[in-house]
Amino acid sequence: MTLTSQDFNYVRELVNKNSAIVLEDGKEYLVESRLAPLLRQLGASSIAELVKILKQARTSSLHTNVVEALTTNETSFFRDKSPFDALESDIIPNLIKSNELTRTLKIWSAACSSGQEAYSIALLLREKFPILADWKLTILGTDINTEILARAKGGIFTQLEVSRGLPAAYLVKYFKKIGREWQLQDSIRTQVEFKTMNLAQTWTLAEKFDVVFLRNVLIYFSNETKRQILAQLKNHLRRDGWLFLGSAETPIMLDHAYERVKMGSASCYRLVNKIGEK
Ligand SMILES: C[S@@+](CC[C@H](N)C(=O)[O-])C[C@H]1O[C@@H](n2cnc3c(N)ncnc32)[C@H](O)[C@@H]1O
């Protein structure tokens, strides 16, 4: 299969327009391999044929399928571990003190993929902070990819997925084996609310969060998109809230409103406190 530069450009413009994901020159192999299952499903023999169909309408579910096929959904339970250690040792204990009056805690896993990040947070809170049992907990997971969100909502994971990062004790206590897969207990599953959301558009969120996980997604965007996302995030992060990014991501040089704080081996970010602001 040969992908012409015109067809590659058509696909990458479509993906960029709809998700802000940048597919650089040299990513032709990625487009070919990610679109191969879609071609098989359609009975199309080439990307050229697919592009021809796409060009017949401005938008369709096929356009969405192409964009979703080009998102990278790699994730795992307790990915990179150190942010979860920081939650356990410092962040949650401090939030329990500072939010004592309202007894609310709001955490957002933005770009949550198949849900392991949001569920890791829910598992950690359940296991390590029984005091939160009668608090109002919000754990929100959002992603642009509706297909991956449907998987997240189902809370069913393969053997490979539960063997990556999930402590064995959590698997035994909170999951049930169904055939060859593992179903997360409802009491944890229903703790997380999942919603479709494109980070590159204007957000329709009302809340301000105590903790935001925005990990391993900014890397796919241009600096301009990263700046827009970090700017919008300022309205949804509490003054004393915490932001976690992926290990290859930083707001430094992009937005001076954030400062880095080292917590154990985790790097987290908070809003710089301007004099006079609370
Ligand atoms: C590599 S995964 C990261 C998952 C998780 N945050 C982690 O670190 O393990 C990146 C996720 O970003 C999502 N994504 C890509 N572009 C997006 C956009 N414009 N808005 C929201 N989510 C997006 C993808 O669908 C994918 O699930």
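Because the structure is a prediction, the values reported are computed rather than measured.

Novice: Quick question: what am I supposed to make of the environment of Ser-120 here?
Specialist: Along the chain, the position of Ser-120 falls in helix H6 (residues 116–128). The exposure class assigned to Ser-120 is buried, which follows from its relative accessible area of 0%. Residues Ser-120 and Arg-180 lie 60 residues apart in sequence; the distance between their C-alpha atoms is 21 Å. The residues contacting Ser-120, other than those within four sequence positions of it, are Phe-77, Phe-78 and Phe-84.

Novice: Can you help me understand the domain arrangement of the chain in this one?
Specialist: Where the parts come together, the accessible area they lose is often given as the size of the interface. Taken domain by domain, the chain comprises domain 1 (5–69) and domain 2 (82–271). Across the contact, six residues belong to domain 1 and 10 residues belong to domain 2. Carbon and sulfur atoms supply 49% of the area that domain 1 and domain 2 bury against each other, a total of about 630 Å² over both sides. Between the two partners, domain 1 and domain 2, sit zero salt bridges. Between domain 1 and domain 2 we count four residue pairs in polar contact (both at pLDDT 80 or more) in total.

Novice: How should helix H3 (residues 47–55) be read in this particular structure?
Specialist: An α-helical turn contains 3.6 residues, so any two residues separated by three or four positions project in the same direction. The complete set of buried residues in H3 reads Ile-47, Leu-50, Val-51 and Leu-54. An end-on view of H3 places all buried positions within 100° of arc, on one side of the element.

Novice: Is there a simple way to think about the site of the ligand in this case?
Specialist: Surveying the vicinity of the ligand reveals 22 residues, the closest of which are Ser-19, Thr-75, Ala-111, Asp-143 and Asn-216. Note that a nitrogen atom of the ligand is positioned 2.8 Å from one of the backbone N or O atoms of Ala-111. Out of a free accessible area of 610 Å², the ligand has 99% covered by protein chains. Its residues placed into classes, the shell around the ligand shows eight nonpolar, nine polar and five charged.

Novice: Just to check I follow, could you spell out the pairing of strand E2 (residues 136–143) for this structure?
Specialist: Put simply, side chains in a regular strand alternate between the two faces of the sheet. Of all eight residues in E2, seven are buried; the element is thus mostly enclosed. Note on the crossover from strand E1 (residues 104–110) through H6 to E2: the handedness is right-handed. Here five bridges tie E2 to strand E6 (residues 192–196), and the two strands are oriented parallel to one another. Bridged to Asp-143 within E6 is Thr-196.

The rules behind each value
Residues numbered from 1 in each chain as written. Predicted model: local features only at pLDDT ≥ 70, side-chain atom pairs only at ≥ 80, totals over all residues. Heavy atoms only, no water. Helix = DSSP H or I, 4+ residues; strand = E, 2+ residues; numbered from the N terminus. Buried < 20%, exposed > 50% of the residue type's maximum accessible area, 1.4 Å probe, protein only. Contact = heavy atoms within 4.5 Å. Domains from an automatic or database assignment. Buried area = accessible area lost by both parts, 1.4 Å probe. Salt bridge = Lys/Arg side-chain N within 4 Å of Asp/Glu carboxyl O. Polar contact = N/O pair within 3.5 Å; in protein donor to acceptor, adjacent residues only side chain to side chain. Arc of directions from axis to C-beta. Near = heavy atom within 4 Å. Areas by Shrake-Rupley, 256 points an atom, 1.4 Å probe, with all protein chains shown as cover. Nonpolar A, V, L, I, M, F, W, Y, C, P; charged D, E, K, R; others polar. Right-handed = clockwise from strand over helix to strand, strands pointing away. Pairing = 2+ DSSP bridges.

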